[in-house]
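In case you want the letters, here they are:
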Amino acid sequence: SLSTSREHKHQFLPFLASTSFMSSADICSPCGVVIVNQSEVKTIEQCGAFTGVAHPGCHCLIPCLCRCVNQTLSMRQQQLHVACETKTKDNVFVTVKVAVQYQINMDDESIKAAAYRLTNARDQIESYVFDVVRSSVPKIELDDVFETKDQISDSINTQLTSSMSKFGYSILASPITDIDPDAQVKRAMNEINKMKRLRVAAGDEGEAVKIRAIKEAEAEAARTEIQAKADAEAKYMQGQGIARQRQAIITGLRDSVNAFKSEVAGVDAKNVLDLMIVTQYFDMMKEIGAQSKTNAVFMNHSPGALEDLAAAVQKGFMAGLPAAPGFAVPSNDLMHR
């Protein structure tokens, strides 16, 4: 009847819906040949019950015995990115990004468990990651989260390994790829780091100024010491030069007086010395007048004052004569002069 055909039609629709998600390779060909690609496996059922696993290659199934392919599983390594928002111990919200790398084990029991015991492996892994992150991070302050991310990653790996192994999955790695605080928190952290570095830079600059001042003071002291030694040496050499100059002057005067006395009779040493002093005086006046930039010297230059000038100059020279060799003058003569 019409109603009976409609019931059969409605009973057949679920079968069509279930087979619509299978590829053409999952449905047995009329001759029962099934091709399994590399890095894939297929689960084989008979009358709805699991009977085995078809590994990569060509397999022959007997359609009359109700043997068919149920589903295809990938054996490649897969990666799931999980972003979990949580709160730290110091009440800062952060987003922790975890990359979970997982794979189905190669044995048939693991393949059976992955195919029949778990509906959605990715949602299951994501739930475990959320559980571990939200139970670990709230115990740690924000600054320590960045330093302990390896420990958090190890906790995630341990939890996932123990939970997913019974479903036929092995967890290869679960590194934390990013820890992203709120934008305002990152700006505040950058300002704190900036101020800290500026403080260190200011301290270094002050230390550099201090060292520079000390080195400059040491250099100035060294220059002063060297200059003092040089001045002392120059004064010493200048003193030796002046002493030799005076010795040469005295020797020249002595020779001149002795020569004049030997050539001119009746002239004593005093008259010769007076004549030489007056001659030197006029030479000095000549030199002063010959210079264009010399200062004016005002002296009593009358003929009557010439004798007083000669006496004054002679007195200055004669005071040093007892110390000069060859110019020993009797004491009574000195008293007379």
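Here, the structure is the one placed above.
Please read these numbers as outputs of a predicted model, since none were measured by experiment.

**A word on the overall build of the protein chain**
Counting secondary structure elements, the protein chain contains nine helices and nine strands. Long-range pairs, those at least 24 residues apart, make up 63% of the contacts in the protein chain with a sequence separation of at least 6. When the accessible surface of the protein chain is totalled, it reaches about 22700 Å², and 56% of it is carbon and sulfur.

**Side note on the pattern of salt bridges**
As enumerated under the stated definition, the model contains four salt bridges in all. As a salt-bridge pair, Asp 150 and Lys 149 come within 3.9 Å of each other at their nearest N and O atoms. With a closest N to O distance of 3.5 Å, Glu 225 and Lys 229 form a salt bridge. Taken together, the positions of Glu 225 and Lys 229, both in helix α6 (residues 183-263) and four residues apart, correspond to about one turn of that helix.

**Some details on unusual backbone geometry**
Positive phi, normally seen in glycine, also occurs at Ser 39, with a value near 65°. Its location among the elements puts Ser 39 in the loop between β1 (33-36) and β2 (40-46). With a phi close to 55°, Cys 47 is a non-glycine residue in the positive phi region.

**Observations regarding the sheet that holds strand β5 (residues 67-74)**
Ordered in space as β3-β2-β5, the three strands form an open sheet in which the pairing is antiparallel. On the outer flanks of this sheet lie β3 (49-54) and β5, each paired with one strand and no other. Averaged over all neighbouring strand pairs, the angle between strand axes comes to 30°, with direction disregarded. Sheet analysis places β2 next to β5, joined by six bridges and oriented antiparallel. Opposite Val 41, over in β5, you have Leu 73 as the bridge partner. On the sheet, helix α2 (residues 108-116) packs against β2, β3 and β5 and is oriented at approximately 75° with respect to β2.

**As for the packing of aromatic side chains**
All told, the structure shown has two aromatic pairs when counted by the stated rule. Consider the rings of Phe 50 and Tyr 116, whose centres lie 5.5 Å apart with planes at 70°: the pair is edge-to-face. Within this pair, whereas Phe 50 is found in strand β3, its partner Tyr 116 is found in helix α2, the two being separated by 66 residues in sequence. Judged by its relative accessible area of 25%, Phe 50 falls in the partly exposed class.

**Some remarks on the packing of helix α3 (residues 121-136) against helix α5 (residues 149-164)**
It is the contact of α3 with α5, at a shortest axis distance of 9 Å, that shows an interaxial angle of 140°. Relative to α5, the element α3 is oriented oblique. Every pair of crossing elements has a handedness; the one defined by α3 and α5 is right-handed. Contact residues: α3 offers Ala 121, Gln 124, Ile 125, Tyr 128, Val 129, Val 132 and Val 133, while α5 offers Ser 155, Ile 156, Gln 159, Leu 160, Ser 163 and Met 164. Of the residues in the contact of α3 with α5, the class split is nine nonpolar, four polar and no charged.

**Describing the pairing of β1**
Only one face of β1 is buried: it carries Val 34 and Val 36, and the other face, with Val 33 and Ile 35, is open. Across four bridges, the pairing between β1 and strand β4 (residues 57-60) is antiparallel. Within β4, the residue paired with Val 33 across the bridge is Cys 60.

**Examining the nonpolar core**
Grouped together as the largest cluster of nonpolar side chains are 37 residues, with contacts concentrated most on Val 129 and Tyr 169. Of all the secondary-structure elements, those providing two or more residues to this core are β6 (78-87), β7 (93-104), α2, α3, α4 (142-147), α5, β8 (169-173) and β9 (176-181). Discounting chain neighbours no more than four positions away, the residues touching Val 129 are Val 82, Val 98, Val 100, Ile 156 and Leu 160. If you look at the next biggest cluster of nonpolar residues, it comprises six residues, including Val 34, Ile 44, Ala 54 and Val 69.

**Structural notes on the side chain of Ser 136**
Turning to its location among the elements, Ser 136 is positioned in helix α3. Of note is the side chain of Ser 136, whose polar atom sits 2.9 Å from the backbone oxygen of Val 132.

**A word on a negative patch on the surface**
Together, Asp 90, Glu 141, Asp 143, Asp 144 and Glu 147 make up a negatively charged patch on the protein surface. By the secondary structure assignment, Asp 144 is in helix α4. By relative accessible area, which is 32% here, Asp 144 ends up partly exposed.

**Considerations on α2**
Every α-helix carries 3.6 residues per turn, so stepping three or four residues along brings you back to the same face. Considered for burial, the residues of α2 that qualify are Ser 110, Ile 111, Ala 113, Ala 114 and Ala 115. Buried residues along α2 sit in contact with β2, β3, β5, β7 and β8.

**Some points on α3**
The end-to-end C-alpha distance of α3 is 23 Å, a good match for the 22 Å that 16 residues give at a rise of 1.5 Å each. All of the buried residues in α3 are Ala 121, Ile 125, Tyr 128, Val 129, Val 132, Val 133 and Ser 136. One side of α3 carries all its buried residues, which in axial view fall inside an arc of 125°. Each element contacted by the buried residues of α3 is listed here: β6, β7, α5 and β8. The N-cap residue of α3 is Asn 120: its side-chain oxygen and the backbone nitrogen of Arg 122 are 3.2 Å apart.

Basis of the calculations
Within each chain, residue numbers correspond to sequence positions counted from 1 in written order. Per-residue local features are limited, in this predicted model, to residues with pLDDT of at least 70; the limit for side-chain atom pairs, both in listing and counting, is 80 or more; totals at the level of whole chains, interfaces and linings are taken over all residues. The side-chain numbers reported here are obtained from all heavy atoms of the structure, hydrogens and water having been left aside. Secondary structure elements are taken from DSSP: a helix is a run of H or I of four residues or more, a strand is a run of E of two residues or more, and numbering for both begins at the N terminus. Note on contacts: a residue pair is in contact if any heavy atoms of the two residues lie within 4.5 Å. Note on areas: these come from Shrake-Rupley sampling with a 1.4 Å probe, and a residue is covered only by the protein chains present in the view. A side-chain nitrogen of Lys or Arg and a carboxyl oxygen of Asp or Glu constitute a salt bridge if their distance falls within 4 Å. Paired strands, in this sense, are two strands between which DSSP finds at least two bridges. Working convention: axes come from line fits to C-alpha atoms, limited for helices to the stretch in contact. Angles between N-to-C directions cover 0 to 180 degrees. Stacked, tilted and edge-to-face pairs are distinguished by plane angle, under 30 degrees for stacked and over 60 for edge-to-face with tilted covering the rest, among Phe, Tyr and Trp rings (Trp via its six-membered ring) whose centres lie within 6.5 Å. Only protein chains enter the calculation, and the probe is 1.4 Å; a residue is then buried if its accessible area is under 20% of its type maximum, exposed if over 50%, and partly exposed in between. Roughly parallel means an angle under 35 degrees; roughly antiparallel, over 145; roughly perpendicular, 65 to 115; everything else is oblique. Here a crossing is called left-handed whenever its near helix is offset anticlockwise from the far helix by less than a right angle, and right-handed whenever the offset is clockwise. Under the scheme applied here, ten amino acids are nonpolar (Ala, Val, Leu, Ile, Met, Phe, Trp, Tyr, Cys and Pro), four are charged (Asp, Glu, Lys and Arg), and all others, including Gly, are polar. Here, nonpolar core refers to any group of buried Ala, Val, Leu, Ile, Met, Phe, Trp, Tyr and Cys residues whose side-chain atoms link them within 4.5 Å. Counted as a polar contact is a pair of N or O atoms within 3.5 Å, where, for protein atoms, one must be capable of donating a hydrogen and the other of accepting one, and residues adjacent in sequence contribute only when both atoms are in side chains. Residues enter patches when their relative accessible area tops 30% and they take part in no salt bridge; the joining distance is 9 Å for like charges and 5 Å for the nonpolar side chains Val, Leu, Ile, Met, Phe, Trp and Tyr. Asp and Glu count as negative and Lys and Arg as positive, but His and the ends of the chain are not part of the count. Taken as the charge centre is NZ of Lys, CZ of Arg, CG of Asp or CD of Glu, depending on the residue. To estimate how far a helix should extend, the number of its residues minus one is multiplied by 1.5 Å. When we speak of the arc, we mean the arc of directions from the helix axis to the C-beta atoms.

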